[in-house]
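Coordinate inspection notes
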Amino acid sequence: AGLAQEVPPPALMPPSRVLVVGAGATGACTCLRLRRALGRDVRIEVWEKARGPGGRMSTNRTEVDGASIRADMGAQYLSLDGSEPDCAEVADLLVREGACADLPEAALARTPERPCGEAWRHLAGAGGGVNDALKTLLEQASVEPHYEKRISSLDQQNGCWRARPFNGAPGIFDAVVLAVPGCGVGGDNLLKIHGGWEGLISAEQNKQLMDAGHDHRWSFALYLPLEFAPACDAFFGPTAVEKVVDDGTLHLLCYQSRKTSQAAGSAPEGGLAIVAHTTLAWAKRNMRASGRDERLLREITEHVIATLGLGSRASRALLGTKVITWKQSQVTHPVPFNPREGPCMVLSANPPLLLAGDYFTESNFGGCLKSGFAAADVLAGILKGDRPAAVAEAANADSKGQSSKGKQRDGGKGKGRESKGWNNSDKEWQHSDYGSDWHASSWGKAESKGGSKGGKGGKGGKKGYAWKPHVGA
């Protein structure tokens, strides 16, 4: 039985239309868990601004003589703790479906960002890209994906959510999960979504979201002819797929072509792909620069070629390049969460609206999975009429019309409804068919005094959006 298996329909059918915003790792995991909990009779739509799933698991490609060469521009692997049942089940699913393959930890470089240990599994895309894993999860969840559809605003309308994209007609949904990057300086995150939903954020939640920290990194992909394979093999050694450099400019060099060959069991065709990740210091020096800056592209290209020992001819022989500036990369300061909900945030129970992302956990696939699963578990409980105490409290706070971010909001509709099947407010959310006891796990240590309960809110201010851009940790 898979994570997206059929389940008997509940006695009372849940709302028929759920929107998940974002087709990155968190969004894909949210959809998978929702399908398992809500069955096949619920429509799950996904809106994603890019041309396909990925987020920070983005994969670039270039065509050479009929062959497609791919390069992972963000996360190089799906790193999961295999000792945790949910992580192990998703990893097994991806391997079974042929989307990924396990790579031995010995072939990977030891970096501060990547967890390691006997139980940890690191999956590479069997077809050359880690975003294939997200495609598989979305297919397993039987979602309706809408790519190149970026959300502009979100407002309540007649007990539902009205989501408006930048282009196209708006949609009406019974529940929404925002699985986009948290607050920060990135080009697409929570700060870019406007509308009435902003008024649901308490003063305490607002502070927690704004205090989240991320570092800033650049990644460069260089596509080379196959004739440079011997020099690359000599630099990386007989089996390694990565090498830490840390010379002030380059942090990590990734031998994408060898990684793909090991995962797929076939030799590279058409050309080679090398991915370079810069140091934090280099990224900070160039914080205000654009990824279109040809000067920086030449600087990194020449530096990579010299480091690999490819010779001056390699610059003229390049088949292509790709640059991505990750303004919000690794999470350095996660958002505290309430253990009754798990690593997510409930902004409204009626109609349901939740936030999920690695900014509640840590920047690896396992962290995204845990946040996505937590949001899906809470949402499933709300839609089935089984609301945990923390959600009930948030709904009651909503109905009192608390103010935050300079906006006074109207009373909600959730007041007075009884919780069905959940423990009292002094207990934690216990294990169910679609939930788990977050307090008992290692994630419980992230509890804050306020959690994500509705607070008193800030003082009502002038009209407009009061969120201030986050400028780094």
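Read on for an overview of the structure.

Thresholds applied
Residues numbered from 1 in each chain as written. Predicted model: local features only at pLDDT ≥ 70, side-chain atom pairs only at ≥ 80, totals over all residues. Heavy atoms only, no water. Helix = DSSP H or I, 4+ residues; strand = E, 2+ residues; numbered from the N terminus. Buried < 20%, exposed > 50% of the residue type's maximum accessible area, 1.4 Å probe, protein only. Contact = heavy atoms within 4.5 Å. Areas by Shrake-Rupley, 256 points an atom, 1.4 Å probe, with all protein chains shown as cover. Pairing = 2+ DSSP bridges. Axes fitted to C-alpha atoms, helices over the stretch in contact; angles between N-to-C directions. Core = buried A, V, L, I, M, F, W, Y, C linked by side-chain atoms within 4.5 Å.

What to know about the overall build of the protein
- Secondary structure summary: the protein contains 11 helices and 23 strands in total.
- Residues counted as buried form 57% of the 473 residues belonging to the protein.
- Across the protein, contacts joining residues at least 24 apart in sequence account for 76% of those joining residues at least 6 apart.
- In the structure as shown, the protein presents an accessible area of about 19,500 Å², 49% of it carried by carbon and sulfur atoms.

Considering the sheet that holds strand β15 (residues 242–244)
- What the 5 strands build is an open sheet, ordered β15-β16-β17-β14-β18; its pairing is antiparallel. Each edge of the open sheet carries a strand with a single partner, namely β15 and β18 (320–326). Neighbour-to-neighbour, the strand axes of this sheet turn through a mean angle of 15°, independent of strand direction.
- Across 5 bridges, strand β16 (residues 250–255) lies against strand β17 (residues 272–278) in antiparallel orientation. Its bridge partner being in β17, L253 is matched across the sheet by A276.
- Those strands touched by helix α5 (residues 229–236) are β15, β16 and β17, and its axis lies near 120° from that of β16.

Here's the deal with the side chain of Q256
- Inspection of the secondary structure assignment puts Q256 in helix α6 (residues 256–264).
- Look at Q256 and you get buried, because its relative accessible area is 1%.
- Apart from the residues lying within four places of it in its own chain, the contact partners of Q256 are R70, A71, D72, Q76, G128, A273 and V275.

Notes on the nonpolar core
- Judged by nonpolar contacts, the single largest core of 52 residues is most densely connected at L78, L94, L137 and F365.
- In terms of residue count, helix α10 (residues 365–383) provides more of this core than any other element does, 12 residues in total.
- L19, W197, V331 and Y359 belong to the second largest nonpolar core, which has 30 residues in total.

So, the environment of G125
- On the secondary structure map, G125 appears in strand β7 (residues 120–125).
- Residue classification places G125 among the buried residues on the basis of a relative accessible area of 4%.
- Taking the C-alpha atoms as reference, G125 lies 4.5 Å from C100; in sequence the two are 25 residues apart.
- With near-sequence residues (within four places) excluded, G125 lies in contact with A99, C100, V130 and A263.

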